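Structural description and commentary
Given next are the chains, with one letter for each unit.
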Amino acid sequence: MLLDMDLGVLLPSLIPSSQSVYVLVFYFVYLAVAGEILPGKVIRGVLLSDGSQLRYRCNGLLALTLLVAILGLCAKLGIVSPLVVADRGLELLSTTFIFCVLVTLALYITGRSSSDKSSSLKPHVSGNLVHDWWFGLQLNPQFMSIDLKFFFVRAGMMGWLLINLSILEKSVQDGSLSQSMILYQIFCALYILDYFVHEEYMTSTWDIIAERLGFMLVFGDLLWIPFTFSIQGWWLLYNKVELTVPAIVANCLVFLIGYMVFRGANKQKHIFKKNPKTPIWGKPPVVVGGKLLASGYWGIARHCNYLGDLMLALSFSLPCGISSPVPYFYPTYLLILLIWRERRDEVRCAEKYKEIWAEYLRVVPWRILPYVY
Ligand code: NDP
């Protein structure tokens, strides 16, 4: 779609208008206020090296439901057009990009001038400006007591659903709503809702516990997730695909199996971290060195959760058929990202767990897909 666009059309549609700035400001203000005032389970984050623990209020599902209800009502009353995102996608993308640059420059400047010694705020300065801006300086920077890392990932995941809903409305209004669009929308909506149902699991993921907040993470959360994970939806607005019944059934199976593996693996690790004695698949867990789970999904491959996620990503693209590689951008990107991430995570774990990790490698030799990788 973008490739077909004339540069003379593409460039002006990238220039941010005041409306796209208002949309973004409204969105961030809403999320900041909702995150602070709505009730939600308060979860303690992992123990940081200085002994401190952050607290995360997991009220994302309520905040998202309320936001969709408010926007739905405003659309019905004619206050907001439900097509505002679908019609201004490129503009919102460039506005978000500018925001990412500005906010990460501010994070860089704040980090450089900080003399805080806590694990969350101690700046890790390499001296290379680009490196420090890209990877970030501080682990858990805050703004007005809001944990920015948790805030941005939430904004990205909700943004993905809002973009999809606007695309869905556009396809209804255009009269182009297809089975493929419905399948894509259902799979993504279930994935996003599930993410917020299990929002507390996010607090023990690599991004939250190990990654500092720099351009890479802010861009990934705010721009990459919502705008590139929705490529299939944008593509389906302009391309018609006829699906056979066996293709639909196969697509649903890829989604369901992917979901089972993804959620099952993440849940087993989360539960294990809380209580290492909890049975896994009805049996006492196999534990290496008292610290690493080596049964259930974690006994099949060292990153079975990545396998599940990859199957889910594939299921979001399969409704688009195989006539174009464009809708396969997300699973392809995710494959590269997760292999890279798995390698980085293994280096970190080898340093942290030393001989226990070596023993785990022996007990569970496969990285992501047994007998393949
Ligand atoms: P994991 O949730 O797999 O976390 C890795 C950490 O878990 C390790 O650093 C280690 O941390 C701990 N760990 C590893 N093996 C074991 C074990 N056997 N027993 C106990 N603890 C173990 O990684 P991510 O945070 O990268 O991913 C979380 C989810 O997010 C995944 O499902 C992934 O697919 C998804 N994701 C999705 C992305 C997307 O773009 N869609 C991008 C990135 C991730 P510790 O030091 O605490 O022990």
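Residues numbered from 1 in each chain as written. Predicted model: local features only at pLDDT ≥ 70, side-chain atom pairs only at ≥ 80, totals over all residues. Heavy atoms only, no water.

**Some words on the overall build of the chain**
Along the backbone of the chain there are 16 helices and six strands. Taken over C-alpha atoms, the radius of gyration comes to 21 Å for the chain, in line with the 21 Å a tight globule of 373 residues would show. Counting every position in the chain, which comprises 373 residues, the buried fraction comes to 49%. A sequence separation of at least 24 residues applies to 76% of the contacts in the chain between residues at least 6 apart. (Helix = DSSP H or I, 4+ residues; strand = E, 2+ residues; numbered from the N terminus. Rg over C-alpha atoms; globule rule 2.2 N^0.38 Å. Buried < 20%, exposed > 50% of the residue type's maximum accessible area, 1.4 Å probe, protein only. Contact = heavy atoms within 4.5 Å.)

**Looking at empty space enclosed by the protein**
In this approach the atoms are scanned with a rolling probe the size of a water molecule, which exposes any empty space left behind. Applying the stated criterion to the full structure yields one cavity of 30 Å³ or more. Here the largest cavity defines a volume of roughly 50 Å³. The wall of the largest cavity is formed by Gly45, Val46, Leu48, Leu54, Tyr56, Asn140, Thr203, Ile208 and Ile209. Among the residues making up the lining of the largest cavity, the classes are represented as six nonpolar, three polar and no charged. (1 Å grid on protein atoms, 1.4 Å probe; cavity = no way out; pocket = protein on both sides within 12 Å on 5 of 7 lines; lining within 4 Å. Points joined across faces, edges and corners; volume = space filled by probe spheres on them. Nonpolar A, V, L, I, M, F, W, Y, C, P; charged D, E, K, R; others polar.)

**Examining the packing of aromatic side chains**
All chains considered together, the criterion is met by 32 aromatic pairs. Ring geometry for Phe187 against Phe255: centres 4.5 Å apart, planes inclined by 15°, an arrangement best described as stacked. Of the two residues, Phe187 sits in helix α8 (residues 179–197) while Phe255 sits in helix α12 (residues 245–274), which places them 68 residues apart along the sequence. The class for Phe255 is buried, based on a relative accessible area of 5%. Note that Arg344 overlies the ring of Trp340, its terminal NZ or CZ placed 4.4 Å from the centroid. (Phe/Tyr/Trp six-rings, centres within 6.5 Å; stacked < 30°, edge-to-face > 60°. Lys NZ or Arg CZ within 6 Å of the ring centre and 35° of its normal.)

**Digging into the pairing of strand β2 (residues 55–58)**
Side chains of β2 alternate between two faces, with Tyr56 and Cys58 buried and Arg55 and Arg57 left unburied. Sheet topology note: the strand β1 (residues 41–44)/β2 ladder contains four bridges and is antiparallel. Looking across to β2, one finds that Arg44 is bridged to Arg55. (Pairing = 2+ DSSP bridges.)

**Some details on the packing of helix α2 (residues 18–37) against helix α5 (residues 89–112)**
For the pair α2 and α5, interaxial distance at closest approach is 9 Å and the crossing angle is 60°. The orientation of α2 with respect to α5, classified from their angle, is oblique. As α2 packs across α5, the resulting crossing turns out to be right-handed. For the pair formed by α2 and α5, the contact residues are Ser20, Val21, Val23, Leu24 and Phe28 on the first element and Glu91, Leu92, Thr95, Thr96 and Phe99 on the second. (Axes fitted to C-alpha atoms, helices over the stretch in contact; angles between N-to-C directions. Parallel < 35°, antiparallel > 145°, perpendicular 65-115°, else oblique. Left-handed = near helix turned anticlockwise from the far one by under 90°.)

**Notes on the UniProt feature "transmembrane region" (unreviewed entry) in the chain**
The feature "transmembrane region" (unreviewed entry), as given by UniProt, occupies residues 20–39, 60–80, 92–110, 151–168, 180–197, 217–237 and 243–262 in the numbering adopted here. Taken end to end, residues 20–39 comprises 90% helix and 0% strand; its first and last C-alpha atoms sit 30 Å apart. As a span, residues 92–110 carries 100% helix and 0% strand, and end to end its C-alpha atoms are 26 Å apart. (UniProt positions renumbered as here; feature names shortened; annotations may be inferred.)

**Quick notes on the site of the ligand**
In the vicinity of the ligand, 26 residues are found, and the nearest of them are Trp206, Tyr306, Arg341, Asp345 and Tyr353. Between the ligand and the protein, one listed contact pairs an oxygen atom with a side-chain N or O atom of Asp309 at 2.6 Å. Here Lys352 contributes a side-chain N or O atom positioned 2.6 Å from an oxygen atom of the ligand. Here the ligand, which alone exposes 920 Å², has 92% of that area covered by the protein. Among the elements of the structure, α12, β6 (292–293), α14 (304–317) and α15 (329–353) are those that each provide at least two residues to the shell around the ligand. No other element matches the ten residues that α15 contributes to the shell around the ligand. (Near = heavy atom within 4 Å. Polar contact = N/O pair within 3.5 Å; in protein donor to acceptor, adjacent residues only side chain to side chain. Areas by Shrake-Rupley, 256 points an atom, 1.4 Å probe, with all protein chains shown as cover.)

**Let's talk about helix α7 (residues 148–174)**
The terminal C-alpha atoms of α7, which comprises 27 residues, lie 38 Å apart, in line with the 39 Å expected from a rise of 1.5 Å per residue. Directly after α7, the chain includes Gly175, whose backbone phi takes a positive value near 75°. (Expected span 1.5 Å × (residues − 1).)

**Looking at the pattern of salt bridges**
Counting across every chain of the model gives eleven salt bridges. Salt-bridge contacts for Lys41 lead to Glu200; the nearest nitrogen and oxygen are separated by 2.8 Å. Linking Lys41 in strand β1 with Glu200 in the loop between α8 and α9 (206–210), this pair joins segments that are 159 residues apart in sequence. A relative accessible area of 53% places Lys41 in the exposed class. (Salt bridge = Lys/Arg side-chain N within 4 Å of Asp/Glu carboxyl O.)

**A look at unusual backbone geometry**
Phi angles above zero are rare outside glycine, and Lys354 is one such case at about 45°. In this fold, Lys354 is placed in the loop between α15 and α16 (355–363). Unlike most non-glycine residues, Tyr371 shows phi in positive territory, near 70°. Along the chain, the position of Tyr371 falls in the segment after α16.

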